[in-house]
Amino acid sequence: MADPIYHLAQERRLVTALPGPRSKELAARRDAVVAKGVSSSSPFYVAQADGGVLVDADGNSVIDLGAGIAVTSVGASAPHVVHNVQEAVANFTHSSFATTPYEGYVAVCEQLAELTPGTFAKKTVLVNSGAEAVENAIKIARHATGRAAVAVAENAFHGRTNLTMALTTKAMPYKVGFGPFAPEIYHFPSSNPFREPEPITGEQAAQRAIDYLETTVGADHLACLLQEPIQGEGGFIVPAEGYLPTLQAWCHEHGIVFILDEIQCGFCRSGKWFACEYEGVEPDLITTAKALGGGLPLAAVTGRAEIMDSAQAGGLGGTYGGNPISCAASLGAIETMKEWDLPARARAIESAIRSKVGPLVGSGSVGDVRGRGAMMAVEFVKPGTKEPDAARAGQVASELLHEGVIVLTCGIYGNCVRFLPSLTIPADLLDEALDLFVAAASR
Ligand SMILES: *Cc1c(COP(=O)(O)O)cnc(C)c1O
């Protein structure tokens, strides 16, 4: 595998107190004109980013363990992406695939057909955001089955539009005051190994979900079942082994479209191209976004050709879906993932995190360390209990920010710190950030 190429020094270099004067000035301008509902978890205004670092408006180089929420998996200025975008933007910025089509769109769909799990014939629709992809997956499943009901896992996050708010379970900040929500959405109990009252197998957790759906909705009314193979915002919850295959088998038995949302965990993040590959699961439809676009807005629904082709011509798409610049960026990102073997790099990141942070489990306020690949979270609890401690997670994240390390929090209780670095982060830079985390979490 070829090694990543960087154009910014891969180092933590602080030249002002954090945040610096230029970032503070921008924050004041922002307060006057940007809606309060749009929040930023870090105080740095970005000027440049590459590999594992982000250089702010004051010239501070900070270690970025967020990667724009798992988007810049190849880095925020990877050579293939930059080159493809520059070339594409000079040719044409937009034409709308709905009026005058172009090659980039088709080429991204070819890559998705090849890379996503399953050897069956597949088709794709490209859209602009993850939420839009999830909305379209449900539209397509309803059209294909002629059924209305949607089953979705508890602790799920699928977006902020009206339909996806209904699918998401975390009330604050995503739902409170924004209803009414779309009907015919049924949340089933999912697998959450750390928080089961008694340890149960994946098959048992799936059977609990199935019993719930059969008794409260009825299998024959369900258009689809939607699940993140690793729950993202919910706290990087990896379901117990056997859970996903059991749900898949039940869906197939009852003509329910099995949809996996790999928007956060897909495209090498989990240490495989797609997280569902860990259990050999092949969803009927898969939603992708985030890392797919190499930093530009792009999302997709890919799935079995006969399901995808159910919707009538003109029923799917939009003005910007599969914008040519996003498609060019995506092809550059996919090429980079292959050339630099990013699944292997994600697995190496997991080993580094497990060896540095794993030993904290059970001591003090660290209740659990979990995840896969470069998608790892630490769950904070009140010492000696499983009672969530969001204040502790927030405090650790904030201390790291002031030391020049960007980390994000997550979890249905907001009590997890998550690590989502670019998969190109150099090993020594990751180690430096993890040492700072271990020190903050042990104080
Ligand atoms: C981020 C995310 C979404 C929503 O994507 P947007 O592009 O923010 O609309 C949906 N599902 C999952 C699993 C996500 O992580």
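Identification of the protein as (S)-3-amino-2-methylpropionate transaminase from Acidipropionibacterium jensenii is taken from an unreviewed UniProt entry. Reading the Cofactor (unreviewed entry) entry of the UniProt record for the protein gives the comment "pyridoxal 5'-phosphate". Regarding the protein, the UniProt comment filed under Pathway (unreviewed entry) reads as follows: "Amino-acid degradation; 4-aminobutanoate degradation."

Asks: What's the story with the sheet that holds strand 14 (residues 408-410) in this structure? I'm lost.
Replies: Two pairing modes exist for strands in a sheet, parallel and antiparallel, and in both the strands are linked by backbone hydrogen bonds. Read from one edge to the other, the open sheet built from four strands follows the order 11-12-15-14, with strand pairing classed as antiparallel. Each of the sheet's edge strands pairs with one partner strand only, and the pair in question is strand 11 (366-372) and strand 14. Between one strand and the next, the sheet's axes are offset by a mean angle of 30°, whatever the strand orientation. Docked against the sheet, helix 12 (residues 390-402) engages strand 12 (375-380), strand 14 and strand 15 (416-419), running at close to 125° with respect to strand 12.

Asks: Help me understand the packing of helix 4 (residues 103-115) against helix 10 (residues 324-339), please; the structure alone is not making it clear to me.
Replies: The description of two packed helices rests on the angle between their axes and on the distance between the axes. Where helix 4 contacts helix 10, the axes come no closer than 9 Å and their chain directions differ by 35°. In the packing of helix 4 onto helix 10, the handedness of the crossing is left-handed. On helix 10, the residues that touch Gly104, Tyr105, Ala107, Val108, Gln111, Glu114 and Leu115 of helix 4 are Cys327, Ser330, Leu331, Ile334 and Lys338. Residues that form the contact of helix 4 with helix 10 fall into these classes: seven nonpolar, three polar and two charged.

Asks: Any chance you could explain the nonpolar core here in plain terms?
Replies: Nonpolar side chains tend to gather and get buried jointly when the protein is soluble and globular. Core analysis: the biggest nonpolar cluster contains 115 residues, and Leu225, Phe267, Phe419 and Phe437 have the highest contact counts within it. By residue number, the principal contributor to this core is helix 13 (residues 427-442), which donates eight residues. Of the domains in this structure, domain 1 (21-64 + 341-442) and domain 2 (81-339) are the two that each give at least three residues to this core. With residues near it in sequence (within four places) discarded, phenylalanine 267 still touches Leu112, Leu115, Trp273, Phe274, Thr288, Ala291, Leu292, Ile334 and Met337. Counting residues in hydrophobic clusters, the runner-up holds twelve residues, among them Ala70, Ile230, Val238 and Ala275.

Asks: Hey, could you run me through the site of the ligand in this one?
Replies: Around the ligand lies a shell formed by Ser129, Gly130, Ala131, Phe157, His158, Glu228, Asp261, Ile263, Gln264 and Lys290. In this structure, alanine 131 approaches the ligand through a main-chain N or O atom, which is 2.8 Å from an oxygen atom. Between an oxygen atom of the ligand and a side-chain N or O atom of glutamine 264, the distance comes to 2.9 Å. Here the ligand has 380 Å² of accessible area as a free molecule, and 83% of this is covered by the chains. Each residue belonging to the shell around the ligand can be placed in one class, and the counts come to three nonpolar, four polar and three charged.

Asks: Which parts of the structure should I look at to understand the pattern of salt bridges?
Replies: Side chains that differ in charge, positive against negative, can pair when their charged atoms come close. Overall, the coordinates contain 15 salt bridges when judged by the stated rule. Of the charged contacts in the structure, one is a salt bridge between glutamate 25 and arginine 22, with a shortest N-O distance of 2.9 Å. In this pair, glutamate 25 and arginine 22 are both assigned in helix 1 (residues 21-33), three residues apart and thus about one turn of the helix distant. Take arginine 22: its relative accessible area is 35%, and that puts it in the partly exposed class. A salt bridge links arginine 304 to aspartate 284; the nearest nitrogen and oxygen atoms lie 2.8 Å apart. One end of the pair, arginine 304, is in strand 10 (residues 299-304); the other, aspartate 284, is in the loop between strand 8 (257-261) and strand 9 (285-288), and 20 residues separate them in sequence. We note that arginine 304, like aspartate 284, is buried. A single network of salt bridges, built from pairs that share partners, joins Arg195, Asp368, Arg370 and Glu379.

Asks: I tried to follow the sheet that holds strand 1 (residues 46-50) on my own but got confused; where do I start?
Replies: Ordered by their spatial adjacency, four strands build an open sheet running 1-2-3-13, and the pairing between neighbours is mixed. A strand with exactly one partner marks an edge of an open sheet, and here the two such strands are strand 1 and strand 13 (405-406). With two bridges joining them, strand 3 (residues 61-64) and strand 13 adopt parallel strand pairing. Note that in strand 13 the partner of aspartate 64 across the bridge is isoleucine 406.

Asks: What's the story with a nonpolar patch on the surface in this structure? I'm lost.
Replies: A contiguous nonpolar patch, built from Val33, Val34 and Val38 and spanning about 270 Å² of accessible area, is present on the exposed surface. In this fold, valine 34 is placed in the loop between helix 1 and strand 1. You can call valine 34 partly exposed: its relative accessible area is 36%.

Asks: Sorry, what's going on with the packing of aromatic side chains here?
Replies: The relative placement of two aromatic rings is captured by the distance of their centres and the angle of their planes. Applying the stated criterion across every chain yields a total of eight aromatic pairs. Ring centres of phenylalanine 419 and phenylalanine 437 lie 5.0 Å apart, and the angle between their planes is 85°; this geometry places the pair in the edge-to-face category. Placement of the pair is phenylalanine 419 in strand 15 and phenylalanine 437 in helix 13, with a sequence separation of 18 residues. Exposure remark for phenylalanine 419: the relative accessible area of 1% places this residue in the buried category. A relative accessible area of 0% places phenylalanine 437 in the buried class. The structure contains a cluster of three or more aromatic residues connected by ring pairs, namely Phe92, Phe97, Tyr102 and Tyr105. Geometry around tyrosine 278 places arginine 372 over its ring, the cationic atom sitting 4.1 Å from the centre.

Rules and cut-offs
Residues numbered from 1 in each chain as written. Predicted model: local features only at pLDDT ≥ 70, side-chain atom pairs only at ≥ 80, totals over all residues. Heavy atoms only, no water. UniProt positions renumbered as here; feature names shortened; annotations may be inferred. Pairing = 2+ DSSP bridges. Helix = DSSP H or I, 4+ residues; strand = E, 2+ residues; numbered from the N terminus. Axes fitted to C-alpha atoms, helices over the stretch in contact; angles between N-to-C directions. Contact = heavy atoms within 4.5 Å. Left-handed = near helix turned anticlockwise from the far one by under 90°. Nonpolar A, V, L, I, M, F, W, Y, C, P; charged D, E, K, R; others polar. Core = buried A, V, L, I, M, F, W, Y, C linked by side-chain atoms within 4.5 Å. Buried < 20%, exposed > 50% of the residue type's maximum accessible area, 1.4 Å probe, protein only. Domains from an automatic or database assignment. Near = heavy atom within 4 Å. Polar contact = N/O pair within 3.5 Å; in protein donor to acceptor, adjacent residues only side chain to side chain. Areas by Shrake-Rupley, 256 points an atom, 1.4 Å probe, with all protein chains shown as cover. Salt bridge = Lys/Arg side-chain N within 4 Å of Asp/Glu carboxyl O. Patch = residues over 30% accessible without salt bridge, like charges linked within 9 Å, V, L, I, M, F, W, Y side chains within 5 Å. Phe/Tyr/Trp six-rings, centres within 6.5 Å; stacked < 30°, edge-to-face > 60°. Lys NZ or Arg CZ within 6 Å of the ring centre and 35° of its normal.

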